[in-house]
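Structure assessment
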Amino acid sequence: MRFAVSLLTLLGIASIIGTVLKQNEPYTNYIVKFGQFWFEMFEMLGLLDVYHAAWFLVILLFLVISTTLCVIRNAPLMIKEWQVYKENATEKSLRLFSHQASLPAQQSPAILQEKLGAFLTSERYRFKTQQQGNGDVLIAAKLGTHQRLGYIFTHVAIVVICFGGLLDGNLPFKVQELLGLKKIETRDISSRKVPEESRLSVNNLSFRANMTLPEGERDNVAFVRVRDGYLVQDLPFTVALKDFRIEHYATGMPKSFESDIEITDPELTKPIAATIRVNHPYIYKGIAIYQSDFQDGGSQLKFKLWDLSAAKSDGFDIDGVILQKGSLGDGAQKMTVEFNEFRQFNILNLSPDGKGKPHNVGPNTTLKLRNASGQAREYVNYMQPLQLDGRAYFVSGMRETVQDEFKYLRIPADDEMEITGFMHLRQMLRNDQEIANIASQVAKQMPGDNASLKAQFEQSLQHLLLTFKQGGYSELSRIIESAVPKDQREQAAQTYLKLLNRAALQGYQMSRAQRQLPAAPENEATVAFVQDSLNAMNDLFFYGTPYYFQLKDYTLKQASGFQLTRSPGQNWVYLGSVMLVLGIFAMFYIKERRVWLLIKPAQQEVLLAMSSNRKNMDLDQDFARMQQQLASVLQATPSA
């Protein structure tokens, strides 16, 4: 008994862990969240999928067997005990009860029997009367003996719940895996190529699988995630996604989403059309289809690709499809582009103090650029300029690993809210001939006629621009630290920055002239744009790729995520839970009482005895109350 209670306690703790700790997630999620040490610890203890862990199923199986044997052994005795009145009790045994008393009674046995019967009936007792050989009459009564059924209900409930857990625990697969008949697939291959040893048949007893369907597509398999791999679950029907709809709040947050599906089955004369919403599954052939999530189903994207290494380029158009790959460059410079995700709505709080109201900042896309050696960096690029600190920027985030936070590049938008102004200015400041022209133009604007001084200034300015071209602010800082005394570095740095900004402004005007645009007014906005452009050029040294993907347009194609479950144990668990509640209620809230009233005409007394399966304060109080009531009924003063 104690061992079984300990096992039940262990199952209870495991269930709490299974509720708190998200179950059966991809292993990378656990590693990112808990770290390698705790991930390995949780995996070793089987806490990442508690309800399918071998030790959990073994405990369930043990409880089913042991509790069943316990019920089989004790239930008949309890049922027999529940049915009997114990009307064969003797006076000697009754006088040995701890709760017994003798009550004077002068009436005839028939009158006493009638009064006592009426009293017991009013107290909701059921009783039997037994005439004894010496002329005494014994009335054996009982109340609340259904309490004993609580024991049976509680134990049967444990058996039923554990049995339901075993049904949904996919025990057959565990056995087949133990025998080497089944194997978890870990390769990223098409479901059609998954071997038979990693597939589950349509007759599989229970499963919880996932299916992702893009709009307009159909499938008859789902994927069961198991540890670090998966199994393919064949379905007895085909599910087609006809349409997916999603509603948003004004902030852009998803409000609701639903899918129109069509089920085809060889056993059906025509397909079944159904709409699935969150918490409104559709059940067919015992398989419940839930709406679980949604994602991109292969949206088509149009980019303007800027080659940051090119001396001069207006960018060129390329296309991409989410969940597909492409390539850029040749030879050792060849890179693979993986278009991973597209999000039409992004709710961000861009207020300077973080206390503003979040709002939708428009679409973005996430992609990976992988070089020839396989190393990859992930980028997230927003389609529209974001308003940051009162100015508009094209924002691109970059990180080297999924554990890192994104580091964001801010490219200022020009007066037409385009990235073109920045790109042409950058190309001006990366072209040696243009740098020489910029320096010459700035030198000519110097006051005075000292040609030698102007030539020296032009040379210095040209050197400054070439230094920035080679390494940005870091290279300038290195030059200052190597050539300027320490106490003069701050002043020199400020001078260099002013000259750099002035030259960049001249370069911006020249780039606009080349594009046949009017000169930009030299106001605060233009100066800020030039300063932001220099900052962005400096940050591009750390961007990690010679390409910038500017998202220009898209055609959205969504995919609906379904969860398909076959859970025959679910109803057993519900049934067991109801029985458990009834059993516990019966055991704790129904008081069993047995009362014997022995009428002894020769002694003109009635012997009262009371017992219960629990001897506690309630029994004392009930006995005292009954003793007083009977004294009143018999019209006699009780004497113990």
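Scroll up to find the structure.
Below or above, wherever it landed, is the structure these notes cover. (Residues numbered from 1 in each chain as written. Predicted model: local features only at pLDDT ≥ 70, side-chain atom pairs only at ≥ 80, totals over all residues. Heavy atoms only, no water.)

The next point concerns the overall build of the chain. Helices and strands together make up the secondary structure of the chain, namely 14 helices and 26 strands. Over its C-alpha trace the chain gives a radius of gyration of 42 Å, far above what one expects of a compact globule, namely 26 Å for 640 residues. C-alpha atoms of the chain, sized along the principal axes, occupy 150 × 65 × 40 Å. Residue burial in the chain is summarised as follows: out of 640 residues, 43% are buried. Pairs at least 24 apart in sequence give 62% of the contacts found in the chain among residues at least 6 apart. Counting every atom, the chain has about 34,400 Å² of accessible surface; 55% of that belongs to carbon and sulfur. For the chain, the distance from the average site of its 68 positive side-chain charges to the average site of its 65 negative ones is 8 Å. (Helix = DSSP H or I, 4+ residues; strand = E, 2+ residues; numbered from the N terminus. Rg over C-alpha atoms; globule rule 2.2 N^0.38 Å. Buried < 20%, exposed > 50% of the residue type's maximum accessible area, 1.4 Å probe, protein only. Contact = heavy atoms within 4.5 Å. Areas by Shrake-Rupley, 256 points an atom, 1.4 Å probe, with all protein chains shown as cover. Lys, Arg positive; Asp, Glu negative; His and termini not counted. Charge placed at Lys NZ, Arg CZ, Asp CG, Glu CD.)

What follows concerns the packing of aromatic side chains. The geometry of an aromatic ring pair comes down to the distance between the two centres and the angle between the two planes. Here the structure, examined in full by the defined rule, presents 23 aromatic pairs. Seen from their ring centres, Phe244 and Phe257 are 6.2 Å apart, and the 45° between their planes marks the pair as tilted. Linking Phe244 in strand 7 (residues 229-248) with Phe257 in strand 8 (residues 254-264), this pair joins segments that are 13 residues apart in sequence. Overall, the relative accessible area of 4% leaves Phe244 in the buried class. Judged by relative accessible area, Phe257 falls into the buried class, the value being 16%. Through a chain of ring-to-ring contacts, three or more aromatic side chains come together here, namely Phe34, Phe37, Trp38 and Phe42. Over the aromatic face of Tyr85 sits the side chain of Lys142, whose NZ or CZ is 4.4 Å from the ring centroid. One Lys or Arg, Arg410, reaches over the ring of Tyr393 and ends 5.3 Å from the middle of that ring. (Phe/Tyr/Trp six-rings, centres within 6.5 Å; stacked < 30°, edge-to-face > 60°. Lys NZ or Arg CZ within 6 Å of the ring centre and 35° of its normal.)

It is the rolling of a water-molecule-sized probe over the atoms that shows where space remains empty. The full count for this structure, using the stated rule, is two cavities of 30 Å³ or more. Approximately 60 Å³ is the volume attributed to the largest cavity. Lining of the largest cavity is provided by Arg426, Leu429, Arg430, Phe468, Lys469, Met537 and Phe541. Of all the secondary-structure elements, those providing two or more residues to the lining of the largest cavity are helix 8 (420-429) and helix 10 (451-483). Here the second largest cavity defines a volume of roughly 50 Å³. If you trace the second largest cavity, you find it lined by Trp306, Asp307, Leu308, Ala310, Ser313, Met423, Arg426 and Gln427. Looking at the lining of the second largest cavity, the elements with two or more residues in it are strand 12 (300-307) and helix 8. By residue number, the principal contributor to the lining of the second largest cavity is helix 8, which donates three residues. The residue makeup of the lining of the second largest cavity, split by class, is four nonpolar, two polar and two charged. (1 Å grid on protein atoms, 1.4 Å probe; cavity = no way out; pocket = protein on both sides within 12 Å on 5 of 7 lines; lining within 4 Å. Points joined across faces, edges and corners; volume = space filled by probe spheres on them. Nonpolar A, V, L, I, M, F, W, Y, C, P; charged D, E, K, R; others polar.)

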